[in-house]
Amino acid sequence: MPAQDPGGRQGGIGPFVTFVDRVRPDGVVERWESRRYRKCREGAMTTGSVWWAPKSRGWWIAVLFAVGSLLFALGAVPGYASAVGTRWDTVTFFLGSLFFTAAGFLTYREAVDAGPQLPGSGRRRFFVFQPRRIDWWAAAVQLAGTFFFNVSTGNAMRVNLAAQAAHERVWRPDAIGSICFLAASALAWFEVCHGWAGWRPRSWSWWITLVNLLGSVAFGVSAVAGYIDPATGQLRNAGRSNLGTLIGAVLFFAGALLLLPERAEAPQPSPGDERL
């Protein structure tokens, strides 16, 4: 969150500031936006092209999310489990969750590095608590969700789980992870829209947060349909659960690819920069 600026106009949603408008000396009004500042920050590693920039953290976030999404989509493709066996199908999902966690951690670090640094601190802390920043909440909740997916998919690889154990160790963490992803995606959407909703079809960020929000809804549908009865061990609707996972993964893959052109946008100075 930027410092109070009596010379500009700021706004957002609830207690969160997501944009600041300031008038430059030449009379032009320029807008600072929290997401664009975080993704296109001056001093961040933005070398390379749109599609190939292995020295850029933003590029790795996109690639890791894309690979994780592809693995989840592959695991949910009809016939894949029959072709490779249940064991390798669960391994596919587990590997996908690890890619999600790696991307989620880099996203969290990106949010931390874009935040205010403590006075007198030479280095940024590894983990911080910044509840006044909507991007911090989005990144932290998303990262937590990836951990729950790690637990769920990891336990799914175990054979001969009892019905109660499958309910508690596979379905429950999957449901919690899906809730985390939905909450994080909603926060990211609110940040870009500077409110509950908005229409910004010319913005890469708007499209990214929209498709990710829809993907999270699909994952939520999958979790509900994939409810495991603790008495019998039966899934409520396996077909609908796989379909929700497949649709969500495809949408997440699209959102990951759109991160690449967003990363390559012109850097944005901090809200306190005199050039604003």
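Scoring rules and cut-offs
Residues numbered from 1 in each chain as written. Predicted model: local features only at pLDDT ≥ 70, side-chain atom pairs only at ≥ 80, totals over all residues. Heavy atoms only, no water. Axes fitted to C-alpha atoms, helices over the stretch in contact; angles between N-to-C directions. Helix = DSSP H or I, 4+ residues; strand = E, 2+ residues; numbered from the N terminus. Parallel < 35°, antiparallel > 145°, perpendicular 65-115°, else oblique. Left-handed = near helix turned anticlockwise from the far one by under 90°. Nonpolar A, V, L, I, M, F, W, Y, C, P; charged D, E, K, R; others polar. 1 Å grid on protein atoms, 1.4 Å probe; cavity = no way out; pocket = protein on both sides within 12 Å on 5 of 7 lines; lining within 4 Å. Points joined across faces, edges and corners; volume = space filled by probe spheres on them. Core = buried A, V, L, I, M, F, W, Y, C linked by side-chain atoms within 4.5 Å. Buried < 20%, exposed > 50% of the residue type's maximum accessible area, 1.4 Å probe, protein only. Contact = heavy atoms within 4.5 Å. Pairing = 2+ DSSP bridges.

### Details of the packing of helix H5 (residues 134-156) against helix H6 (residues 163-193)
So, step 1. Orientation of H5 relative to H6, taken along the N-to-C sense of each, is 160°, at an axis distance of 7 Å. In terms of axis orientation, H5 runs roughly antiparallel to H6. Here H5 runs over H6; the crossing is left-handed.
So, step 2. Class assignment of the residues belonging to the contact of H5 with H6 gives a composition of 18 nonpolar, seven polar and four charged.

### Details of empty space enclosed by the protein
So, step 1. Inspection of every chain in the model, using the stated rule, returns one cavity of 30 Å³ or more.
So, step 2. Its boundaries defined by the atoms lining it, the largest cavity holds a volume of some 390 Å³.
So, step 3. Together, 23 residues line the largest cavity, and Arg35, Phe65, Thr107, Gln142 and Asn212 are the ones closest to its centre.
So, step 4. Every element with two or more residues in the lining of the largest cavity is listed here: helix H1 (34-39), helix H2 (57-76), helix H4 (86-114), H5, H6, helix H7 (204-225) and helix H8 (238-263).
So, step 5. The element contributing the most residues to the lining of the largest cavity is H6, with five residues.
So, step 6. When the residues that make up the lining of the largest cavity are grouped by side-chain class, the tally is 12 nonpolar, six polar and five charged.

### Notes on the nonpolar core
So, step 1. Within the largest apolar cluster, 22 residues are counted, with the highest numbers of intra-cluster contacts made by Phe65, Phe72, Phe100, Phe181, Phe219, Phe252 and Leu259.
So, step 2. Of all elements in the fold, only H2, H4, H7 and H8 reach the threshold of two or more residues within this core.
So, step 3. Looking at this core element by element, the count peaks at nine residues for H2.
So, step 4. Setting aside chain neighbours within four positions, we find phenylalanine 181 in contact with Phe100, Gln142, Gly145, Thr146, Phe149, Ser216 and Phe252.
So, step 5. Listed in part, the 13 residues of the second largest apolar core include Ile13, Ala138, Ala186 and Val192.

### What about the pairing of strand S2 (residues 16-23)?
So, step 1. Counted residue by residue, S2 has seven buried out of eight residues, so it is predominantly covered.
So, step 2. Bridge analysis of S2 against strand S3 (residues 29-33) gives five bridges, and the strand direction is antiparallel. Counted as the bridge partner of arginine 22 is glutamate 30 from S3.
So, step 3. The hairpin formed by S2 and S3 contains five residues between the paired strands, and glycine 27 there has a positive phi angle of roughly 90°.

### What to know about the layout of surface pockets
A probe matching the size of a water molecule, rolled over the atoms, marks out where space remains unfilled.
So, step 1. Roughly 1000 Å³ of internal volume is contained in the largest pocket.
So, step 2. Around the largest pocket, the lining comprises 38 residues; the ones closest to its centre are Thr90, Phe93, Ala156, Val170 and Leu235.
So, step 3. For the lining of the largest pocket, the secondary structure elements donating two or more residues are H2, H4, H5, H6, H7 and H8.

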